[in-house]
Amino acid sequence: MDNKIKLVIYMPALNEEERIGDTLRSLPKKLNGVDEIEVLVVDDGSTDNTKKIARECGAKVFSHGTNKGVGAAFHSGVEQSLHMGADIMLSIDADGQFDFNNFPSLLEPILKNRADFTTGNRFHKEGDRPEFMSRVKYWGNKQIARLVSTMAGHKIRDVACGFRAYNREVLLNLNLSGTFTYTQETILNLTYKEFRLTEVPISVKYFADRKSRVASSIFKYALNTFLIIIRSYRDYQPLRFFGLSGIAIFLMGLGLDIWLVIHYIQVGTFSPFKVFGFLGGLLNLIGVLTIILALIADMLGRIRTNQEQMLYLQKKDHFRSTRLNENEK
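Computed from a predicted model, the values in this text were never measured in an experiment.

Attention now moves to the overall build of the protein chain. Secondary structure assignment for the protein chain yields 10 helices and seven strands. In terms of overall dimensions, the protein chain has C-alpha extents of about 85 × 45 × 35 Å along its principal axes. When each of the 329 residues of the protein chain is scored for burial, the buried share is 46%. Summarising the internal contacts of the protein chain: among those between residues at least 6 apart in sequence, 74% fall at separations of at least 24. With an accessible surface of roughly 17400 Å², the protein chain has 56% of that area assigned to carbon and sulfur atoms.

For the rest of this paragraph, the subject is the nonpolar core. If you look at the biggest cluster of nonpolar residues, it comprises 41 residues, and the most contacted ones within it are Phe-74 and Tyr-166. In this structure, Leu-7, Val-41, Ile-110 and Ile-202 belong to the second largest nonpolar core, which totals 30 residues.

Under the defined criterion, the tally for this structure stands at 15 aromatic pairs. An angle of 55 degrees between the planes, with centres 5.8 Å apart, marks the rings of Phe-103 and Phe-163 as tilted. Of this pair, Phe-103 sits in helix α4 (residues 103–111) while Phe-163 sits in the loop between α5 (135–152) and β6 (164–167), and the two are 60 residues apart along the sequence. The burial state of Phe-103 is the same as that of Phe-163; both residues are buried. Consider the rings of Tyr-264 and Phe-270, whose centres lie 4.6 Å apart with planes at 25 degrees: the pair is stacked. Residue Phe-270 is classed as partly exposed on the basis of its relative accessible area of 36%. Among the aromatic side chains, those forming a connected cluster through ring pairs are Tyr-10, Phe-74, Phe-117, Tyr-166 and Tyr-182. One residue, Arg-304, lies across the ring of Tyr-236, its end atom 4.4 Å from the ring centre.

In the contact formed by α5 and helix α7 (residues 183–192), the axes pass within 10 Å of each other and the chain directions differ by 15 degrees. Our classification of the angle between α5 and α7 gives roughly parallel. As for how α5 packs across α7, the hand of that crossing is right-handed. Of the residues in α7, those touching α5 at Ile-144, Val-148, Met-151 and Ala-152 are Gln-184, Ile-187, Leu-188, Thr-191 and Tyr-192. Counted by class, the contact of α5 with α7 contains seven nonpolar, two polar and no charged residues.

The subject of this paragraph is the pairing of strand β3 (residues 60–63). In this structure, strand β2 (residues 36–43) lies alongside β3, joined through four bridges in parallel fashion. Residue Leu-40 lies in a different strand from β3, and its bridge partner there is Lys-60.

Along the chain, Ser-271 connects to Pro-272 via a cis peptide bond; the corresponding omega equals 0 degrees. In the Ramachandran plot, Asn-15 falls in the positive-phi region, its phi being about 50 degrees despite a non-glycine side chain. Take Asn-15: it is sitting in the loop between β1 (6–13) and α1 (20–26). The phi torsion at Asn-113 lies on the positive side, around 60 degrees, for a residue other than glycine. Position of Asn-113 relative to the elements: it lies in the loop between α4 and β5 (117–121). Look at Asn-113 and you get exposed, because its relative accessible area is 54%.

About the criteria used
- Residues numbered from 1 in each chain as written.
- Predicted model: local features only at pLDDT ≥ 70, side-chain atom pairs only at ≥ 80, totals over all residues.
- Heavy atoms only, no water.
- Helix = DSSP H or I, 4+ residues; strand = E, 2+ residues; numbered from the N terminus.
- Buried < 20%, exposed > 50% of the residue type's maximum accessible area, 1.4 Å probe, protein only.
- Contact = heavy atoms within 4.5 Å.
- Areas by Shrake-Rupley, 256 points an atom, 1.4 Å probe, with all protein chains shown as cover.
- Core = buried A, V, L, I, M, F, W, Y, C linked by side-chain atoms within 4.5 Å.
- Phe/Tyr/Trp six-rings, centres within 6.5 Å; stacked < 30°, edge-to-face > 60°.
- Lys NZ or Arg CZ within 6 Å of the ring centre and 35° of its normal.
- Axes fitted to C-alpha atoms, helices over the stretch in contact; angles between N-to-C directions.
- Parallel < 35°, antiparallel > 145°, perpendicular 65-115°, else oblique.
- Left-handed = near helix turned anticlockwise from the far one by under 90°.
- Nonpolar A, V, L, I, M, F, W, Y, C, P; charged D, E, K, R; others polar.
- Pairing = 2+ DSSP bridges.

Any functional reading would require information that these geometric values do not contain.
This is how it looks when you write it as structure tokens:
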């Protein structure tokens, strides 16, 4: 195996015939530190000429046939990039909203081994809301960033940006479940696995006449994103997730128990608050059971960690063989 660096530029697309041609033709053909560049377009069920235009522009096209979601497109992008022998995968949207001049900034920390994956930061200036981004979406991004930062134990200002770069080890270790979106789950998945993340200030241009397909409904986007985040936290931090919940429930029950005992000492009877005693006892029981569940979940989490390590080794061997075969051609 030689030491040449291959970059795969991954681009998800759904009915992007108006902009994808200009976007693909504008991609850089050479980048410092990169020996080979290939472009991969994952067509997520387009019904227009997106696939045809992408192929005409020289991109490799992988098609879902039907619309499966941004998260599913990312899963395919990772798998196909590994099949193509990528050392680094750089993801970018097909509508041309991101500035190609930011490519070197995203790649440099990985090329110099200062980071394992990088993500664009659209909000690098405090209070700097990109033009044509609604105040509601800007506020929502901030709140989700705070939540993910707390869970990841790492300060991240923009957790929803799709302009990112990943090294090969990261791609081999990624095991995601969400199909609606992937941006927040990816950060949690990789930071829990102790991969190094660097945020890079980027430029972004929104179009006044264009609506986000992922966040077209703010309520739907917020709900689905929250569920993905909570599931990721549950799967990778089960002892905290269930343990803290169990302790909180037990303490609420204990509070009712103590209050009822104090009432008995003062008036000599549990009446008329006997129901609080039953409720406190029930909460104590639920709390203890939840703590036991936390211990079991933690044990299962260790099994999951071992399974992911075995899956990583299998994928590494599989894609190494694929890469060798490509080099022999």
